[in-house]
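# Coordinate analysis (summary)
This is what each chain is made of:
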Amino acid sequence: MAGYEDFIHLDYTPKPDDLIASFKVKVPKWETARRAVGAVASESSVGTWAGVAALKYDHVQRVAAKVFHMSKDGWVKIAYPVDHFEANNMSQILASVAGNVFGMKAVESLRLEDIKWPKKIIKSFRGPQFGIKGVRKIFKVYDRPLTLSVPKPKVGMTTKEHADIGYKIWTGGLDLLKDDENLTSQRFNPFQKRVALSLKLRDKAEQETGEKKSYLINVTAPTFKEMEKRVKFVADHGNEFVMVDIITTGWMGVNSLREICDDHHLAIHAHRAMHGAFTRNPEHGFSMLLVAEIARIIGVDSLHIGTAGVGKLVGSKDEVLEIEEHIIDQHIKARLVHEKLKGEAGLHSLDEEWYGTKPVFPVTSGGLHPGIIAPVLDRIGTDVMAQFGGGVHGHLKGSHAGAKAARQAIQAYLEGVDVADYAKKHVELAQALKQWGKWRPR
Ligand code: CAP
Ligand code: MG
């Protein structure tokens, strides 16, 4: 009867249109590596614990996974025939490759690190509608990071307080206002009222500054129908963007949003709140690299990727640079990431072809303030979006001054001047440096 080991085929050469998954497998003491790894391939494709006669059928074998690489450090590569999957259905794809396997006793721990996506699957999704170029075109800004700010406190303020902060950061020089990940349509700040009032003040700020301003409006909603209603409301009020919490909404929700935004020509900003529940543990779970690839395949236009070790949230420089490469480039070579970093688990990324899929705007955010944006830009470059929440609204002179300080810090960087020198002629920046210096929040 077919057992788990029957899924091991170390002599197999993957077909060009196989989907290839890179796993890190830790084998329990009581188990053999071949059985543990075979169990991953079996459970993530066609098999189960028992030998079932139909597993021998040719047409079943034609969609069964094959382990074709096993290394001593537990790095495993598994090939899945593309016909195993339903095109354009990320929920089904992950229910196979990233489903029951994480809970199997046959493995001590399991981490899905990367996937090499076949062209047929990538092309079955829309991909980004705007991408980096399209978003920059909205602002006609091509030579600096785009800047955004989330009003803080993140939830609890009234609609008027929220919109007033928007006016202050827009007139303070930032390009975008952004809803926080957990601000949707609460009693004290209902969605339609917030959108209408904020966009009214956006128009006023545009007239006063002569600069294009916009708003990342969180359309994360209780149901698909309600999300669709909110997207239409945003489009009817002349905004260019929506924002969605991709993890708590789920991949079908994000794919549906991408479909709706096609009709309304709206760009999608992807917030990744909750990803840390499964991306943080280097021994078990699902990499942020993979979350980023899926977001690009489905078609978000901008995505939070971290601060490359500088800000308040985890995400090492190596990991963030790997993610940035995978959401921007077209041809990517396999790498072992973090191998030299103490305590950082080696992350095996795979070769990748993106077949013309537009690049996604990397967003850096999380504990950023004017005193530490320079080391972040040193690491991730300036073709990014930079978000300052507490780093603007915590400014001792308030949000408007905080926004000016953030913009001044970025200008200093672009001119190759240290913020401390630039602050000599820019009072808001000087105040921010007096308050926070170059301290890195955590
Ligand atoms: C940042 C933030 C963002 C995080 C998300 C927050 O606020 O609004 O949600 O950046 O993390 O709620 O923490 P601050 P990531 O600017 O005040 O830190 O970008 O890593 O996905
Ligand atoms: Mg937030």
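Residues numbered from 1 in each chain as written. Chains lettered and ligands numbered in written order. Predicted model: local features only at pLDDT ≥ 70, side-chain atom pairs only at ≥ 80, totals over all residues. Heavy atoms only, no water.

## A few points about the domain arrangement of the protein chain
As assigned here, the protein chain comprises domain 1 (4–122) and domain 2 (131–436). Look at where the C-alpha atoms of domain 1 and domain 2 centre, and you get two points 35 Å apart. Counting from both sides, the interface comprises 25 residues of domain 1 and, opposite them, 30 residues of domain 2. Carbon and sulfur atoms make up 57% of the surface buried where domain 1 meets domain 2, a total of about 2,500 Å² over both sides. It is Arg111, Asp114 and Ile122 that lose the most area in domain 1 upon contact with domain 2, and together they represent 27% of the buried surface on that side. For Glu283, the salt bridge identified is with Lys24, shortest N-O distance 3.0 Å. Scanning the region where domain 1 abuts domain 2 turns up 15 residue pairs in polar contact (both at pLDDT 80 or more). (Domains from an automatic or database assignment. Contact = heavy atoms within 4.5 Å. Buried area = accessible area lost by both parts, 1.4 Å probe. Salt bridge = Lys/Arg side-chain N within 4 Å of Asp/Glu carboxyl O. Polar contact = N/O pair within 3.5 Å; in protein donor to acceptor, adjacent residues only side chain to side chain.)

## Overview of the sheet that holds strand β2 (residues 66–70)
As summarised here, the arrangement of the 5 strands in space is β2-β3-β1-β4-β10, forming an open sheet in which the pairing is mixed. Of all strands in the sheet, those bounded by a partner on one side alone are β2 and β10 (285–286). As defined by bridge partners, β2 adjoins strand β3 (residues 75–80) across 4 bridges and the pair is classed as antiparallel. By the bridge assignment for β3, Val67 is matched with Ile78. The strands that helix α1 (residues 33–43) touches are β1 (19–26), β2, β3 and β4 (109–116); relative to β2, the one it contacts most, it runs at about 135 degrees. (Pairing = 2+ DSSP bridges. Helix = DSSP H or I, 4+ residues; strand = E, 2+ residues; numbered from the N terminus. Axes fitted to C-alpha atoms, helices over the stretch in contact; angles between N-to-C directions.)

## Topic: the packing of aromatic side chains
Under the counting rule described, the total for this entry stands at 5 aromatic pairs. Relative to Tyr215, the ring of Trp170 lies with its centre 6.5 Å away and its plane at 80 degrees, an arrangement referred to as edge-to-face. Remark: Tyr215 occurs in strand β7 (residues 214–216) and Trp170 occurs in helix α6 (residues 159–171); sequence separation between them is 45 residues. Of the residues examined, Tyr215 reaches a relative accessible area of 0% and is grouped as buried. Taking 5.9 Å as the distance between ring centres and 90 degrees as the angle between the ring planes, the aromatic pair formed by Phe278 and Phe286 counts as edge-to-face. For Phe286, a relative accessible area of 8% translates into the label buried. Here the basic side chain of Lys66 rests over the ring of Tyr12, its NZ or CZ set 5.1 Å away from the ring centre. (Phe/Tyr/Trp six-rings, centres within 6.5 Å; stacked < 30°, edge-to-face > 60°. Buried < 20%, exposed > 50% of the residue type's maximum accessible area, 1.4 Å probe, protein only. Lys NZ or Arg CZ within 6 Å of the ring centre and 35° of its normal.)

## Here's the deal with the site of ligand 1
Residues in close proximity to ligand 1 total 16 residues, the closest being His304, Lys312, Ser365, Gly367 and Gly390. In this structure, Gly390 approaches ligand 1 through a main-chain N or O atom, which is 2.7 Å from an oxygen atom. Against a free-state accessible area of 480 Å², the protein chains account for coverage of 91% of ligand 1. For the shell around ligand 1, the class distribution of residues is 2 nonpolar, 8 polar and 6 charged. (Near = heavy atom within 4 Å. Areas by Shrake-Rupley, 256 points an atom, 1.4 Å probe, with all protein chains shown as cover. Nonpolar A, V, L, I, M, F, W, Y, C, P; charged D, E, K, R; others polar.)

## Some remarks on the coordination of the magnesium ion (ligand 2)
Here the magnesium ion (ligand 2) is held by Asp180 (OD) and Glu181 (OE), and the distances to it run 1.8 to 2.0 Å. As far as the burial class goes, Asp180 and Glu181 line up, both buried. (Donors = N, O, S within 2.8 Å, 3.2 Å for Na, K, Ca; no water.)

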